[in-house]
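Architecture and fold: a report
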Amino acid sequence: MQHLSEYPKPKKGASLLLSFRLHARTVVIIGSGKLAASRAFTCLEADSRVVVLGRGGLGNACEEVRWRAEAGEIEWRSVEEEAARWNASIAASLSPVVDEDEAALLSILSSVSPVSFLCVTDTIITSTGNKSLAPRTKASAIRLYNIASQTHRIPTNVTDMPALCDFAFPATHRFHSVRNGEATGLQIGIVTNSKGCRLSSRITREIVARLPKGVGDAVDSVGILRDKAKADDSRLEHRDTTEAAGHSTDSANDQADNDVSLLPSTPNEPVPQTPLKSPDNASEHLVESTLDRTQRRMRWVAQVSEYWPFESLASLDDEGVNSILNGSVTMPPRAVLRSDGRVSDGNAIATAPTHHAISPLSSPPMPQRGRILLLGSGPGHPSLLTLATSCALRAADLVLSDKLVPEAVLNTIPKNVELRIARKFPGNADRAQEELMHAAVEGAQQGKIVVRLKQGDPMLYARASSEIEYFTAKGFPPAVIPGLSSALAAPLAAGIPVTARGVAESVVICTGVGQGGKGGRIPPYERATTVLVLMGVARLAEITRTMVGGGYPDYLPTCIIERGTMPDQRVVRSTLAGIVDGMTDPRVGPQRPPGMMVVGWACLGVSEGVEGVSEDSGEGLVERDLAKVRKWLVGEPFAIKEGLDVSWEGI
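To keep things clear, this report deals only with the structure shown in the data block. Everything numeric here is computed off the predicted structure, so don't read it as measured data.

Concerning the packing of helix α8 (residues 215–230) against helix α11 (residues 290–307)
Running from N to C, α8 and α11 cross one another at 165°; their axes reach a closest spacing of 8 Å. The angle between the axes of α8 and α11 places the two elements in the roughly antiparallel class. Judged by the sense of rotation from one axis to the other, the crossing of α8 with α11 is left-handed. Residues Val222, Leu225, Arg226, Lys228, Ala229 and Lys230 of α8 form the contact with α11, whose participating residues are Thr294, Arg297, Met298, Val301, Val304 and Ser305. Here the residues of the contact of α8 with α11 are counted per class, giving six nonpolar, two polar and four charged.

Considering the pattern of salt bridges
What the rule picks out here adds up to 29 salt bridges. Residue Glu45 pairs with Arg174 through a salt bridge whose shortest N-O separation is 3.5 Å. Taken together, the residues span a long stretch of sequence, with Glu45 in helix α1 (residues 34–45) and Arg174 in strand β6 (residues 171–176) at a distance of 129 residues. Among the residues examined, Glu45 registers a relative accessible area of 35% and is labelled partly exposed. Between Glu82 and Arg85 there is a salt bridge, and its shortest N-O distance comes to 2.6 Å. Here Arg85 and Glu82 lie together in helix α3 (residues 79–87), a separation of three residues that amounts to about one turn. Exposure remark for Arg85: the relative accessible area of 47% places this residue in the partly exposed category.

Details of the sheet that holds strand β2 (residues 49–54)
Pairing is parallel across the open sheet formed by five strands, whose spatial order is β3-β2-β1-β4-β5. In this open sheet, the two edge strands, each paired with only one partner strand, are β3 (75–78) and β5 (156–158). The sheet shows a mean angle of 20° between the axes of neighbouring strands, taken without regard to direction. As paired elements, β2 and β3 share four bridges and run parallel to each other. Note on β3: the bridge partner recorded for Val51 is Glu75. Packing against the sheet, α3 makes contact with β2 and β3, and its axis sits at approximately 65° to β3.

Things to note about the sheet that holds strand β15 (residues 506–511)
Taken together, six strands build an open sheet; the order of strands is β15-β16-β19-β17-β18-β20 and the sheet is mixed. Edge positions in the open sheet fall to β15 and β20 (639–642), since each of these has one partner strand only. Taken over all neighbouring pairs, the strand axes of this sheet differ in orientation by 20° on average, direction set aside. In terms of strand pairing, strand β17 (residues 557–562) meets strand β18 (residues 570–575) through six bridges, oriented antiparallel. Within β18, the position partnered with Pro557 by the bridge is Thr575. Across the face of the sheet, helix α18 (residues 486–493) comes into contact with β15, β16 (529–534), β17 and β19 (595–599) while running at roughly 75° to β19. The sheet strands contacting helix α19 (residues 540–549) are β16, β17 and β19, and the helix crosses β19 at an angle near 15°.

Conventions adopted
Residues numbered from 1 in each chain as written. Predicted model: local features only at pLDDT ≥ 70, side-chain atom pairs only at ≥ 80, totals over all residues. Heavy atoms only, no water. Axes fitted to C-alpha atoms, helices over the stretch in contact; angles between N-to-C directions. Helix = DSSP H or I, 4+ residues; strand = E, 2+ residues; numbered from the N terminus. Parallel < 35°, antiparallel > 145°, perpendicular 65-115°, else oblique. Left-handed = near helix turned anticlockwise from the far one by under 90°. Contact = heavy atoms within 4.5 Å. Nonpolar A, V, L, I, M, F, W, Y, C, P; charged D, E, K, R; others polar. Salt bridge = Lys/Arg side-chain N within 4 Å of Asp/Glu carboxyl O. Buried < 20%, exposed > 50% of the residue type's maximum accessible area, 1.4 Å probe, protein only. Pairing = 2+ DSSP bridges.

Here you go:
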């Protein structure tokens, strides 16, 4: 393997974003104005013990601080009283302190232990409860900071003085339930690293406005699913005990879903398939061990979290959760969460518009009943649905969707149409496939128009042949409607022409998953050929080893395109030898299924000096190739491009 360059150097100036569990831990707040009250409320919501240190007695504090102190929610300490207590102590005689504020802080630190954080809020005029109290000077703030942060190693935040801040408070929003108004487990925070505090609040509002109303309920529903999925595994009890003691963070809590003993290391990593009984008895109960059942349930929770619409998650109740985990239902009936907290079916309330600003296409009802339509939903963006697919979705009685069909497409389906999403996850794909086939025939037998909705084109690596054979044998030969395949659309949306004059004369589409879960077959290397690998990201390491071992240059340009044509599309660029490290780098973050792999010189796109690369040969070829790759990657081992090109705006 040839190294193109050193690893990228960290770009300084960012913050380390953490979430703290402050149960039974103490936060000291200096100041008694509205900002102090705001900080106190934030800490109280994190289950912290809050001590407020202010001047002039509680009567000089703002109304909220007084109210919370009198209600016993926070502890009030007077600067004057604490300073007198310190100066009368033995410790003061050993280390005299003249400044009253410093003495008060030392008294607090000696009597309240341990202190996890210190917030100094009285450095601005609006922070004081009594306007007659002057704001704290910078010199005084520095002395307090040195005592807390430098001497006692307590993380400290001094308002409006970034140089005296070990941490910052982001602009935050906590989502509340649409059902009952209670706080949910979902919080978001925005940090601008002292470059635009006011702007961070606006950005937070904009994000909140664009998220579905029931997103907090969806998070809580997944939490219930997760807890019940793990309930039978005694090996997880130690983690629950640790969390109860307040020693974990949200990240550690979330990592439990991906515990290596329970789940594959990536969301769609292949695992042994669950054995099947027969297509007509797909729901028949299989005997499982406790561990097998827990692994199956945890995989299902991970898949549900990734693929189900928010509204379906938000509308789950206890009965629905149990049914899902027991495998007795494919998906709960879709519902709309109303602003009044009630749940309504699709006929009672209009469908909310999607963020794509695309109006669903209208169509006359199809007269023929009791039929099955096999459709391709296109690469992802709803504007790339065919007219035939859009019409069929609006005329359907039942839609059976693959899990990879994005929510933006599912949102074009009328709310009165029953929607079920495949229960496919690693190890259960064959069983879930049989469930959908059985459900489609059952629906057609009841006289329904059944749409079997697949990602991309329904005949390209989509098991369509077996479905057509099964449906036909049951007396319902399906109508197969083509869809725009992501194999061609996603590279184009990423700026990659899979064929181009003098660069790529041919294109080969192959799969990373063959029959029975085995690896797919990779074609021999041809310099003028672009290789597109679908369903291969989960097997990326195996595929790249096979290609390099089979004669592909390890420096060959390679791209992973995730969620192609969608607003959150991501393209990771590297070499064949470096793409695995790129995809597992912390800066890339979690995978965004579905993803595809593009290998070949076409990855360089339409750029200067690329034309003619397919014909290049002879002495010095490797050096010339490496020079092109270095230029493409700007000297880095990998590069990331987020989102669609600006030319997509308004589409």
